[in-house]
Structure formats: structure tokens, C-alpha cells
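Residue-level listing of the chains:
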Amino acid sequence: MDMFAKIAWVIPLLPLASFLILTALGRSYRTAGVWIGSIGSLGAFVMSLLVLLERLKPNPVDYSNGFDWITIGDYTLTIGYEVTNLTSLMLVIVTLVGFLVNVYSAGYMKEDERITVFYGYVSLFTFSMLGLVLSDNLLSFYLFWELVGVCSFLLIGFWYARPAAKAAAKKAFIVTRIGDAGLFLAILLLFWYMPEHALGFTMIESVFDNQGGTITEGITTLIALLIFLGAVGKSGQFPLHVWLPDAMEGPTPISALIHAATMVAAGVFLVARTFDIFEASEAAMQTVAYVGAFTAIFAATIALAQNDLKRVLAYSTVSQLGYMMLALGLGSLAGGIFHLFTHAFFKALLFLAAGSVIHAAHTQDVREMGGLGSRMKTTAWTFAIGALALSGIPPLSGFWSKDLILAVALEENLLLFAVALAAAFCTALYMTRLFVLVFLGKPKQAEERTAGAKESPAVMTIPLIVLAALAVAAGFVETPWNGWFGHWLTDGAGEAHGSAIAIVCSVAVGVLGVLAGWAIWGRERGAGEAAATLAGRAPGLVRLAERKYYIDEAYEAVFVRGLRGIGAVLEAFDRYVVGGAVKLAGLAANAAGRLALRLQNGQVQTYSLAAVLGIIVIVLAVIGRRMLS
Amino acid sequence: MSFLQDIPILTFILLSPLLGLAVILLLPGQRAAWIKRTAILATLIPLALSFWLYADYDRAKGGEGYDEAAEWLTIPINNDTNDTVEMLFSFQYALGVDGLSLPLLLLTSIVTAMAAWAAWHVKKRWKAFFGWFMLLELGMLGVFLARDLFLFFIFFEITLVATYFLIGVWGYYNRERAANRFLIYNGIGSAIMLVAFVLLVNTAGFRIEEAAGGHQYIYSGSYADIGANMANPQAFVHLPPEATGGVNPFQMSEGMHWTLFILLLVAFGIKLPVFPFHTWMLKVHQEAPPSVVMIHSGILLKMGAYGLIRFGLFLFPEQAREGATMLAVLGVVNLLYGAILAFRQTEFKLVLAYSSISHMGIVLIGLASFNEIGLQGAVFQLVSHGLISALLFLIVGSLYERTGTTELPRLGGLARSMPFMSGVLLVAGMASLGLPGLSGFVGEFLSLLGLFETKRWLTAAAALGIVLTAVYVLRSVLGITFGPQREEHTALRDARFVEALPMIVLLAFILLLGCFPSALTDTVQMSVGGWMEQLLSSRSGG
Amino acid sequence: MLPSYLTLAAILFCIGLYGALAKRNAIIVLLSLELMLNAVNLNLVAFSKYGVVPALTGQIFSIFTITVAAAEAAVGVAILIALFRARGTVDVHAFDRMRR
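Numbering of residues starts from 1 in each chain and follows the order in which that chain's sequence is written. Labels follow written order: the first chain is A, the first ligand is 1, and so on. Given that the model is predicted, a residue must reach a pLDDT of at least 70 before its local features are reported, and side-chain atom pairs must reach 80 or more before they are shown or counted; all residues, however, enter totals for whole chains, interfaces and linings.

Peer 1: For this particular structure, what's the right way to read the overall build of chain B?
Peer 2: Assigned secondary structure in chain B consists of 22 helices and four strands. Radius of gyration: over C-alpha atoms. The globule rule applied is 2.2 Å multiplied by the number of residues raised to the 0.38 power. Radius of gyration (C-alpha) of chain B: 24 Å, near the 24 Å computed for a compact globule of 542 residues. Within the span of chain B, comprising 542 residues, buried residues form 58% of the whole. Working definition of a contact: two residues with C-beta atoms, positioned from the backbone, lying within 7 Å. Sequence separation of at least 24 residues holds for 79% of the intrachain contacts in chain B that already meet a minimum separation of 6. Numbering goes from the N terminus for both helices and strands, where a helix is a DSSP run of H or I of at least four residues and a strand is a run of E of at least two. Remark: C-beta atoms are placed from the backbone, and a residue is labelled buried if 20 or more other C-beta atoms sit within 10 Å of its own, exposed if 12 or fewer do, or partly exposed between those counts.

Peer 1: Mind showing me how you'd approach the interface of chain A and chain B here?
Peer 2: How big an interface is tends to be expressed through the accessible area that disappears when the partners come together. With 37 residues of chain A in contact, the opposing surface of chain B contributes 41 residues. Of all the elements in the fold, those that place two or more residues in the side of chain A that touches chain B are β1 (63-72), α6 (138-156), α7 (163-193) and α26 (551-599) of chain A. Take the side of chain A that touches chain B: its biggest share by element is 13 residues, from α7(A). Broken down by class, the residue content of the side of chain A that touches chain B amounts to 26 nonpolar, five polar and six charged. Here the nonpolar group is Ala, Val, Leu, Ile, Met, Phe, Trp, Tyr, Cys and Pro; Asp, Glu, Lys and Arg are the charged ones; every other residue, Gly included, is treated as polar.

Peer 1: For this particular structure, what's the right way to read the packing of helix α14 (residues 282-305) of chain A against helix α15 (residues 309-329) of chain A?
Peer 2: Each pair of packed helices gets described by two things: the angle between the helix axes and the distance between those axes. Residues and elements named next belong to chain A. It is at 7 Å that the axes of α14 and α15 come closest, and there the two elements cross at 160°. The orientation of α14 with respect to α15, classified from their angle, is roughly antiparallel. Classified by chirality, the crossing of α15 by α14 is left-handed. The class makeup of the residues in the contact of α14 with α15 is 17 nonpolar, seven polar and no charged. Each axis is a line fitted through C-alpha atoms, and for a helix only the stretch in contact is used; angles between axes span 0 to 180 degrees, taken between their N-to-C directions. Here the word oblique covers every angle except those under 35 degrees (roughly parallel), over 145 (roughly antiparallel) and from 65 to 115 (roughly perpendicular). For any pair of crossing helices, the crossing counts as left-handed if the nearer helix is rotated counterclockwise from the farther one by less than a right angle, and right-handed if it is rotated clockwise.

Peer 1: What should I look at first to understand the environment of C:K49 in this one?
Peer 2: Tracing the backbone through its elements, the reader meets C:K49 in helix α2 (residues 26-50). For the pair C:K49 and C:Q59, spaced ten residues apart in sequence, the C-alpha separation works out to 8.6 Å.

Peer 1: Is there a simple way to think about helix α19 (residues 414-439) of chain A in this case?
Peer 2: A turn of α-helix holds 3.6 residues, and therefore any two residues three or four places apart point the same way. Residues and elements named next belong to chain A. To estimate the expected span of a helix, subtract one from its residue number and multiply by 1.5 Å. Over its 26 residues, α19 extends 37 Å from the first C-alpha to the last, a length consistent with the 38 Å expected when each residue adds 1.5 Å. Of all 26 residues making up α19, 22 are buried, and the element is well covered by its neighbours. Positive phi appears at G441, one or two residues downstream of α19, with a value of about 70°.

Peer 1: So what exactly am I meant to see when it comes to the arrangement of the chains here?
Peer 2: With two pairs of chains in contact overall, the contact-richest pair is chains A and B. At no point do chain B and chain C touch; the closest pair of C-alpha atoms across them sits 25 Å apart.

Peer 1: Quick question: what am I supposed to make of the interface of chain A and chain C here?
Peer 2: Counting from both sides, the interface comprises eight residues of chain A and, opposite them, nine residues of chain C. Residue composition of the side of chain A that touches chain C, grouped by class: two nonpolar, six polar and no charged.

Peer 1: Explanation requested: the environment of B:H385 in the structure shown.
Peer 2: Residues and elements named next belong to chain B. Summarising the element assignment, H385 is placed in helix α16 (residues 372-403). With 30 C-beta atoms packed within 10 Å, H385 lands in the buried category. Sequence spacing of H385 and A431 is 46 residues, and the spatial spacing of their C-alpha atoms is 9.0 Å.

Peer 1: Mind showing me how you'd approach the UniProt feature "transmembrane region" (unreviewed entry) in chain C here?
Peer 2: UniProt positions are given in the numbering used here, feature names are shortened, and annotations may be inferred rather than shown by experiment. The UniProt feature table records "transmembrane region" (unreviewed entry) at residues 60-84 of chain C. Regarding residues 60-84 of chain C, the helix share stands at 100% and the strand share at 0%, and the terminal C-alpha atoms are separated by 36 Å.

Peer 1: Even after reading the chapter, I still don't get the pairing of strand β2 (residues 75-83) of chain A, so can you show me in this structure?
Peer 2: Along any regular strand, the residues point their side chains to alternate faces of the sheet. All names here are of chain A. Two strands form a pair only when DSSP identifies at least two bridges running between them. Note: β1 against β2, nine bridges, orientation antiparallel. Within the sheet, the bridge partner assigned to I72 lies in β2 and is Y75. Hairpin connection between β1 and β2: a loop of two residues separates the two successive antiparallel strands, and G73 in this loop has a positive phi of roughly 60°.

Peer 1: What exactly am I supposed to notice about the nonpolar core here?
Peer 2: Considering soluble globular proteins, one finds that nonpolar side chains tend to be buried as a cluster. By convention the nonpolar core is taken to be a set of buried residues drawn from Ala, Val, Leu, Ile, Met, Phe, Trp, Tyr and Cys and joined through C-beta atoms within 7 Å. Membership of the largest hydrophobic core comes to 422 residues, with the highest contact counts inside it found for A:L326, A:A420 and B:L391. In this structure, A:A420 is in contact with A:A293, A:A296, A:Y323, A:L326, A:I405, A:L406 and A:A409, ignoring residues within four places of it in sequence. Listed in part, the eight residues of the second largest apolar core include C:A20, C:A26, C:V29 and C:L37.

Peer 1: For this particular structure, what's the right way to read the domain arrangement of chain B?
Peer 2: Residue and element names in this part refer to chain B. Under the domain assignment, chain B is made up of domain 1 (1-315) and domain 2 (323-542). Here the C-alpha centre of domain 2 lies 25 Å away from the C-alpha centre of domain 1. Across the contact, 41 residues belong to domain 1 and 40 residues belong to domain 2. Of all elements in the fold, only α4 (101-117), α11 (279-287) and α12 (290-313) reach the threshold of two or more residues within the side of domain 1 that touches domain 2. With 13 residues, the top contributor of residues to the side of domain 1 that touches domain 2 is α12. Here the side of domain 1 that touches domain 2 is composed, by residue class, of 29 nonpolar, nine polar and three charged. In this document the domain limits rely on a domain assignment from an automatic tool or a database.

Peer 1: What is the right way to look at the environment of B:C515 in this model?
Peer 2: Structurally, B:C515 is set in helix α21 (residues 497-515). For B:C515 and B:G437, which are 78 residues apart along the polypeptide, the C-alpha to C-alpha distance reads 5.1 Å.

Peer 1: How do you make sense of unusual backbone geometry when you look at a structure like this?
Peer 2: Most of the time, phi is negative for any residue but glycine, and the peptide bond is trans. Residues and elements named next belong to chain B. Cis geometry is found at the peptide bond from L272 to P273, where omega equals -5°. Residue position: P273 is located in the loop between α10 (254-271) and α11. With omega at 5°, the peptide bond leading from F275 into P276 counts as cis. The topology assignment puts P276 in the loop between α10 and α11. If you check the backbone angles, R125 has positive phi at about 50° while not being a glycine. Mapped onto the elements of the fold, R125 is located in the loop between α4 and α5 (126-145). In this structure, F370 is a non-glycine residue whose phi angle is positive, near 60°. Summarising the element assignment, F370 is placed in the loop between α15 (348-369) and α16.

See below:
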């Protein structure tokens with residue numbers, strides 16, 4: 001019955017096999033990389049699809065299995081996999097986007113001499129991500145969590161010779177590592193507080209669901225917040241969002257796969273997977289909701305003022321992840337995961353389309369683009385679909401998922417609803433700006449560079465078309481009048497939210513945003529002028545958004561300099577105090593030696609005197625002992 | 001009874017380097033290649049034997065059955081009390097393995113074999129180098145095998161002398177100063193250790209045996225005797241009064257317990273090294289030849305931790321438990337202090353030296369946690385760090401040979417000309433910062449998990465170390481491999497196969513332990529569990 | 001009788017010790033050494049006559065000592081003469097070259 005669920009452990013092993021083969025082959029076999037990587041991910045996709053289809057049958061039973069990783073006395077740490085509705089959905093998202101990116105990269109990375117290495121890294125990433133998705137307990141989740149982090153790091157720094165890529169890779173790793181430390185501590189806490197030291201998600205669910213008072217409110221909140229810290233790091237939520245925009249230094253297919261569709265969503269997935277802990281703590285839920293909402297609006301405003309095509313999309317990703325967190329924080333598991341699901345497709349689509357543009361135009365600066373629409377029809381159309389989906393224009397997928405979140409927010413918290421609406425408006429605005437600047441109008445500066453731009457090869461456009469189709473259609477699994485998706489995901493605890501107000505508001509801000517964007521940047525105006533109009537009205541604000549609210553600078557000043565400062569102090573301490581003490585001890589020994597040297601004056605008579613004195617001391621000691629006893 | 005228990009396998013392992021030494025001494029000094037080949041072959045013998053032993057070792061039974069003991073040295077003491085009692089100092093040639101020493105034994109033979117293989121850098125006096133090298137291996141194996149305090153001390157000193165010459169003659173520019181500093185610090189440590197051992201022999205080493213015409217009062221250095229006496233100080237009370245003269249001859253006051261514990265802590269703490277006794281190690285890391293640093297950082301530092309566990313924790317569990325907070329604080333200080341200072345260094349070897357300090361902090365944390373998990377973590381970290389630091393210094397040696405520098409500002413972009421070595425360096429760095437799937441993570445995780453049971457805030461502080469470790473590792477490793485290629489490095493060639501082989505072997509072990517940690521933890525469990533039981537029983541009994 | 005002999009010997013020994021340690025003239029140092037040896041001789045003879053177990057051994061020993069002392073004096077004076085030829089002085093403070 002559960003045939004495919006039982007062999008679900010094979011799914012991650014396929015990309016792992018690709019990785020191992022590619023590593024063993026070395027970089028000489030260029031086309032082999034493409035084929036082996038793609039076949040591995042295709043196999044994983046087919047199997048994931050089978051698992052998902054199996055789950056769609058009525059009343060599927062969760063299946064889990066594993067083995068003991070470490071046994072110490074009475075404590076056992078296990079590694080295992082578990083197939084639930086949520087994991088099977090994530091499996092399909094990861095493998096589908098992974099497979100499409102594999103295909104796309106065959107065109108995008110064709111000229112790169114390290115294409116085999118690239119495919120190896122991508123396969124390793126796919127393996128880790130699938131392992132993360134399938135994990136049945138927090139420890140094995142953490143193992144893969146770190147592994148995806150390292151793959152992300154490797155791929156951001158893929159073009160290692162660029163100083164910017166090096167810095168971005170380092171930053172990504174360290175910033176997410178801060179979140180990881182939080183997750184690490186959460187695991188330690190759970191291990192010692194959970195009954196029988198269990199870390200399995202099923203156990204977590206049953207323990208926190210019942211709230212038998214085994215774990216106190218304060219500890220629950222602490223655990224939840226520490227887990228959330230991990231999610232904040234991985235999913236680029238404020239204040240640890242700084243690494244994600246910089247991560248755009250990596251190849252664009254990677255931005256689509258890792259930094260839009262899958263890995264950054266792992267934070268959301270983590271919160272969803274441990275949702276019962278959060279539900280047990282009101283404070284933690286509030287934190288998640290507010291951090292998510294703030295991130296959504298915060299990143300959206302930054303995206304308005306960025307001029308790098310990929311950075312705009314990156315901030316948009318941060319903003320949308322904020323949306324998902326907001327949904328989770330408001331208690332809507334289905335809302336968060338639904339948005340994750342649709343977002344994975346349209347954001348991957350946008351990144352891949354952007355990659356297609358960059359591939360053709362050889363620049364990432366939107367001010368240097370323009371008029372590409374006529375030359376790259378497929379790219380322009382698919383990008384437009386993605387942009388509309390992201391902006392929340394019905395009936396595209398983004399609309400339905402965003403609408404669900406807004407409906408929940410309307411019910412729960414009006415302030416957050418307003419913030420979410422504002423963020424939705426900004427989203428429509430910056431996407432329109434992006435589309436107009438890139439595809440419409442006349443080619444701008446650097447005529448000779450953009451002149452050669454032409455449509456990308458089919459190997460790159462076909463994934464775009466597939467993703468565009470999904471971006472259109474994926475939303476229909478959950479509509480205000482059809483709560484099938486939420487019902488399926490949360491196993492019966494269905495939460496079909498339909499709210500006319502939410503729909504009206506949502507459509508209104510989406511359309512308004514697009515129109516406003518059109519009004520500001522459209523109509524054949526030059527980008528320079530357009531920027532000038534906006535900047536002219538509120539120069540301070542624009543500059544603030546352009547410089548990303550000076551967060552990077554603040555971190556640089558506080559943490560980097562702070563660490564350097566502490567380092568300098570400690571180094572001085574090490575050199576002068578510890579080293580000084582050692583030197584002092586050495587000097588003392590030397591001084592004692594010099595003092596003793598005085599006795600060594602070459603006079604035999606002095607030596608004899610010393611000997612005589614010694615004899616006298618011995619004699620006195622012997623006599624003294626006799627007399628005492 | 002397995003086959004290995006019928007033969008004196010431990011003696012074979014211990015003395016196999018002597019075979020190599022003998023052959024090397026017979027070879028003419030100019031035949032560098034032959035000497036080197038002999039040395040590698042000679043290191044392979046203990047490697048193979050200890051692998052066999054590791055496989056043969058029965059995890060349920062522990063190390064029993066392999067023990068070897070022979071009377072070695074008995075010194076009669078003049079006695080003026082009566083004629084029926086004879087007093088003796090007795091030192092045995094006693095060898096044994098348990099779950100604690102076996103992994104370290106295996107680590108020693110692996111790292112030594114790889115270091116012998118990697119000794120390309122030796123450009124002069126091959127015969128002497130490999131002679132000392134073999135002697136060093138003998139000493140290290142002996143330290144982990146010895147079950148007699150006197151024997152342990154002798155092997156400990158052999159490693160000291162051998163390392164002194166290896167650093168002082170074949171090191172880099174400031175080698176003599178480094179060697180002297182090494183000798184002074186470790187000499188002081190050894191002196192303190194000797195004092196502690198003498199006290200131990202004279203108090204806990206006491207035992208009474210029936211002999212012809214009366215009794216023998218024996219002061220022995222046997223670890224088994226001392227351990228038994230320390231664990232059960234009342235045992236003598238049950239002896240017949242005519243044997244003990246009516247008094248309990250085993251009297252160790254509370255103060256003496258503490259004195260001994262602190263002496264041992266300082267003695268082995270210098271070796272480990274514990275802040276603030278770490279400065280000697282920096283120079284050694286910087287000046288010693290690569291293969292010697294591999295051994296030094298990979299194994300010699302572990303001898304400090306081994307001694308701390310074997311003599312400090314196992315013999316003085318009560319004192320150690322009361323001092324656990326101090327140990328934990330020292331561990332966290334080591335961890336953070338080392339990490340922050342590693343971040344400041346501009347010389348890659350110094351980064352690694354401070355990194356070693358930081359990682360030894362994790363060992364201390366594991367020890368301080370005082371439960372099975374933490375102790376397992378500490379032992380795991382010992383083995384893991386031994387492999388990782390050996391690998392890192394192996395790469396450093398190859399790097400230095402090509403670029404002539406290990407200054408970070410003068411390196412960069414090496415991934416272009418040396419993709420293989422850069423990749424290995426990156427993986428080693430990742431292992432060092434505790435990436436799951438590689439061995440560093442397991443030790444770190446178990447140690448912190450153990451400490452968390454009792455000391456939450458210290459663990460939280462230690463978790464900061466996770467971030468800081470990432471910062472300094474990435475800074476240095478990326479500084480070397482990433483970035484634009486430098487002109488002077490364009491012509492560098494990647495690792496030859498013979499160079500790559502030890503790297504691959506070490507990497508394989510790091511991966512193996514990272515993915516299947518139970519290969520190690522199950523072996524250690526018997527000893528750790530036994531110690532816990534003893535601790536619990538003494539806690540409930542006393 | 002024994003104590004008076006021993007006292008005399010002790011006094012002689014102390015005078016000799018003082019001379020050997022404090023005098024600057026090497027000749028006097030040598031003579032002081034002789035004095036100490038003779039103090040020892042006196043003890044030996046006294047013990048052989050008045051000791052707990054009187055025996056001739058002590059007296060024979062003293063003859064040995066006198067012989068050795070004579071030989072020692074001969075060697076000592078010879079060294080002194082050589083030193084005087086080399087350095088032009090017999091002041092013991094001048095002879096500290098072994099220090100370096």
C-alpha cells in the first residue's frame with residue numbers, strides 16, 4: 001500500500017549518487033555533468049511524484065523509518081525519514097524545481113569551464129535538501145540543515161575568483177550560522193526536556209499538542225524562539241536577512257533553486273514542522289507574526305529602490321518569506337505552506353527569466369536594460385506571468401496564496417493585515433517597475449552591449465514555460481471556496497478562509513500597485529527621469545531604501561568592528577599579560593641563576609666555606625632531631 | 001578467546017617501531033629513499049595490528065583478555081620495623097587497552113603512518129630524523145598502552161625528548177627557540193606529573209601480599225592497584241589485623257585527594273594546553289616541520305587529555321565532579337579565547353594553533369559535563385581533532401613547499417592552480433568548524449549536549465563558539481583558496497598522487513566518523529559506562 | 001684522658017680550617033691543611049690508645065696519613081712553585097681562572 005513511501009529514502013540517494021559520480025569523474029567530462037546531474041534529479045522527481053500521488057489517496061498513513069546513529073548508554077540519537085503530506089509536497093517542489101534548474105543550467109552554464117563541479121554541487125544540494133525534507137527528527141534535520149547551508153555557501157562562492165563572491169559566500173555562511181547556533185541550542189533544550197529524550201517530530205507533536213504541563217510555558221517559548229532564530233537565519237528574515245541579497249553573486253540558476261524556491265523556504269518548513277511547539281506558546285507565535293510582517297514590508301520597500309535585477313528579486317524573496325512567516329505566526333499552517341508552494345514556482349520562474357535576460361544582456365543593472373521585450377518574447381511573457389503572479393493579480397497562483405494569508409490576517413490582527421496589504425502594494429509596484437525597465441521602452445545606455453541580445457536557447461526557455469504554466473495553475477488547489485489543500489495538508493483540521501473584504505482589498509492593491517508602477521515608470525520615460533521623479537519627491541527615503549536602511553553598515557560597525565576590537569584586546573592580553581607572565585617567570589629564573597652565579601667566584605676557599613657551612617647545618621639538624629626525640 | 005588474546009599483541013604493537021628503528025640504523029645514511037620506505041613500512045605494522053585489535057575488541061567485554069603484565073623492577077626498601085614484613089617498590093611492565101585508549105591507539109598509528117608518508121620536507125639527516133620518528137611513535141604507543149605509572153612516565157618522556165630533537169633540528173627558522181620552549185614547559189609539566197605519581201604510588205599504590213615468612217608491603221605503580229584502592233579505600237580494613245598491623249595503611253586525606261587532582265590537572269593541562277599555559281604551543285606549531293606538527297597537534301596534545309581522563313577523572317571522580325564548573329569555565333574560555341585569537345592571526349599556522357586551543361576547549365567542556373554523553377563527546381573530539389588537525393597541517397606542509405609562505409596576506413586564489421588541495425583544505429576547514437557529516441560535528445555536538453544537562457548558560461556561551469569558529473575558519477581558508485589568483489602562483493601545480501594519498505586517507509576517516517560515529521562511540525561506551533557506574537555507586541554509597 | 005686529646009685535636013682542626021679558608025697566602029693554606037691532617041692523626045692515635053676497643057690499627061692509619069700528607073705537601077708545593085713562576089704571586093685570590 002505504502003510502497004513508494006517505504007522506499008522514499010532512495011529519493012535523496014539519487015542526487016547523492018550523481019554527486020559522487022561527478023566528483024569521481026573530475027572536471028574533464030563536461031556534458032556528462034549535465035546528463036548525470038539531470039538524470040539524478042529527474043529520477044528523484046519521478047519518485048517524489050509517485051510518493052505524492054500515493055499520499056493523495058484518502059486517509060494516507062504517515063510512514064517513518066530510521067536507524068540508530070549513536071547509542072550512548074540509555075540515550076539514542078537516530079537518523080530517519082518520514083513521509084507525511086507536508087514532506088511529500090516539499091519533495092515534489094524541491095525535485096521539480098531542482099530538475100528544471102538542472103535542465104536550464106545546461107544552457108546557462110554552458111561556457112563555464114567548471115560546469116561539472118557546478119552540477120556536482122547542485123546534486124549535493126538536492127541530496128541535502130531532500131534529506132532535510134524527509135528527516136523524521138530534529139537532529140537529522142539539523143545535519144541536513146547545515147549541509148544545505150554549506151552547499152549554498154559553495155554555490156554562492158562558485159565564481160570564487162571574484163572578491164564579491166568570496167565575501168558574499170562568507171557572509172551567507174556566517175550569518176546563517178548565527179541562526180544555526182539558535183537551532184542547535186533549541187535541540188539541546190528539547191533533548192533534555194522531552195520525555196525519553198526524543199527528538200522526533202511525531203513525538204514533539206504529541207508532547208506539545210497535549211500540553212500536559214510536562215514542559216513549562218517559559219521553556220516552550222524559549223525553545224520556539226530558538227528554533228525561530230534558526231529559521232530567521234535560513235529564511236533571511238529581519239534582522240538576519242543581510243546575507244540573502246548578497247547571495248545573488250552566485251550563478252542565477254542557483255539563485256532560483258536555493259535562494260528562492262527551496263533552501264530559504266527551509267526556515268518556513270522548519271517552523272511548520274515544529275508548529276506544535278509554536279502553537280503552545282502565544283509569545284512565540286506573536287514574535288513570528290510580527291517579525292514576518294515587518295520583514296515583508298521592510299524588504300519590499302528596499303526592493304523598490306534597488307537597481308540590480310537580481311537584488312530586487314532577492315529582496316522580493318525576503319519579503320515573500322516574511323509573508324509566509326506572517327501566515328504561520330497567525331496560526332495558519334496551510335497559508336504559509338501554500339504560499340511557499342506557489343512562491344517556489346513563480347519566484348524560480350522570475351529568477352530563471354532574469355537569468356535568461358542577464359545571459360543575453362550581459363548586465364544585471366536594470367538602468368542599462370530596456371526594450372528587451374521585443375527581442376526576447378518567451379522570456380518577456382514568462383517573466384510577465386511570474387511578475388503578475390507575484391503581484392497577486394487573479395487568477396494567477398500568487399493571488400490565491402496571498403489572499404489566504406490576507407484573509408487570515410484580517411481575522412486575527414488588523415494591524416498586520418494593513419502591513420501585509422502595504423507590502424502587497426509595494427510588491428506590485430516594484431515588479432511593474434522591474435518589468436517596465438527591463439522589457440519595455442527603448443534600449444538605454446550601452447547600446448552596443450544590449451544590441452546583441454537575443455532569445456535564449458530552448459533548453460533555457462522550456463523550463464521557463466513549464467514554470468509559467470505552474471505559476472498560473474498552482475493556485476487552484478486552494479481557493480476561498482475550495483479548501484482542499486489546507487484540508488489535505490493539516491489532515492482534516494481544514495481551514496477554508498473566504499473573505500470578500502480580503503479578496504477585494506487584495507485585488508485592489510495588486511491592480512493599484514501595477515497601475516501606479518505604470519504611471520511612474522511606464523510610458524516610454526527614461527529610467528533616469530523616473531528615478532528622478534521619485535527621488536525628487538522623497539530623496540531621503542529613497543536614499544535610505546537604496547542603501548538598505550544602512551543595516552549592513554550598522555552590522556559592520558557593531559559586530560565586525562566589535563569582534564576585531566575584542567580580538568585586538570585579547571591579542572594584547574595574550575601577548576603582554578600571558579606572554580608577559582611567561583617572560584617574567586623566565587626572567588625570575590634567570591635572576592635566580594645570576595644570583596647563584598655570584599657564588600661561583602672561582603675562589604676555592606669560598607667553595608670550601610660553603611661546604612663547611614653545609615656540614616654544620618647537617619650536624620645541627622641531626623643533633624636537633626636527636627634532642628627532639 | 002580470540003587469537004589476539006593468545007599472543008602478546010600489545011607488546012607487538014608497542015615494539016614494532018623498534019623493528020623499524022633497527023633496520024633504519026643498519027641502513028647507510030645516504031640512502032634517503034630506502035630509509036623513508038623502511039620508515040613508512042615500519043609505521044604500517046602497528047597500523048595494521050591496531051586495526052586488527054580494534055576489530056577484534058569485544059565491545060561488550062571491554063579490554064579484558066589483552067592485558068599483559070610482567071614484573072619489571074622491584075626495589076627493596078630498608079626497613080627497621082620487623083623481619084616478618086618486607087617492603088618493596090614494585091614497577092611492572094603492564095600493558096592494557098580499554099575503550100578510552102584503543103581509539104587513541106588507532107589514531108596514533110594512523111596519524112603516524114600518514115606523517116611518515118608525508119615527510120617530504122626532510123632535506124637532511126634522514127637517518128636521524130626517522131630514527132627519532134620511530135622512537136616518538138614508540139613513546140606515543142606506550143603512553144596509550146601503559147598500565148603502570150612508572151612505565152607511563154617513561155614513555156611520556158620519550159615522546160618529549162624525541163619531539164625536542166625533531167623540532168630543534170628539522171624545524172623552520174626559529175626552531176631552536178621553539179624546541180627549548182617546548183622542552184621547558186613540558187619539562188615543568190612532567191615534573192609536576194612525576195610528583196603526583198610519586199605521591200600516588202606512596203599512597204594509593206599500596207598493597208599487601210603474603211610471602212614466605214611473613215608479608216610483603218608493596219608500593220606499586222600498577223594502575224589497576226591504584227584504581228582499585230582509589231575506588232574502594234576501605235578494602236584494607238577487611239584484611240587480617242596481623243597483615244595490616246591493625247591500621248588502614250591506605251590513608252589519603254581529603255586534602256591529599258585535592259592536591260593530587262590539581263597537580264594532575266596542571267601537569268596534563270600544560271600538555272593539552274589549557275589557558276593560560278598555551279603559549280608554548282604556538283611557537284611549536286609555527287616552527288616545527290609539518291609532519292612533526294601533524295603528530296604534535298594530532299596526537300601529542302591528546303596525551304594531555306588522555307592523562308586528564310585516565311588519571312584525573314577516573315581516579316578522582318569526586319574531586320573532578322566538584323571541580324566540574326571550573327573545568328567547564330576553563331573549557332569555554334579556551335573555546336572562545338582560541339577562536340577570537342585565531343580570528344586575529346595573519347599566519348595560517350598560528351590560526352591553526354589557536355584553533356587547536358579552541359578545540360581542546362570542547363574536550364574540556366565534554367569532560368566537565370560529567371555524564372556519559374559529554375565524556376563520549378570529549379573522546380570523540382580527541383580523535384576527530386587528531387585527524388582534522390593532522391590533515392590541515394599536511395596541507396600546510398604542501399602549501400609551504402609550493403608557495404614558500406603561510407602568511408595569509410601573501411596567499412589567495414589558490415583554488416585556480418590547485419583545485420584538489422584547495423578542495424581538501426575547504427573540507428578540512430568545514431570539518432573543523434563542525435559541519436555535520438564530518439567528524440568535527442559529532443564531538444562538538446555530544447560535548448555541548450552533555451554539558452547542557454547541568455550548565456545551561458555555559459553551554460549557551462559555548463554555542464557562541466560555533467559562530468566564531470565559522471568566522472575564523474572561513475576567513476583563513478577562503479583567504480587562501482578564494483579570490484583572484486596571484487601572479488606568482490600561476491605556475492603552481494596541484495598535489496601529486498603520493499601527496500594526495502594521505503590526504504584522501506585522513507579525509508576518508510573524517511567522513512567515516514562523521515557519518516557513522518557509532519564505529520567509535522560503541523567502543524568507548526564500555527569504559528565510559530563503567531566509569532559512570534562507579535561514580536554513581538560512590539555517590540550513593542558515600 | 002681521651003677528652004683532652006680530642007679537645008686538643010678539635011682546636012687544632014679548627015685553627016687549620018680557619019687558616020685553610022681565610023688565609024690569602026697559599027703557603028699558609030697548605031700549612032693549615034697539614035694542621036688539620038695532624039689533628040686527625042691525633043684523634044686516630046688517641047682512639048687507638050684510649051678508645052672503646054683499643055687496637056693498633058689507628059696508629060698504623062696515622063702513619064699512612066702522614067705519608068699521604070707528605071706526598072700531598074710535595075705535590076702542593078710543586079704546584080705552588082709552578083704557579084708562582086707563572087703568575088708571580090702566591091695569593092690564592094689571584095687564582096680564579098677556573099671560573100671561566
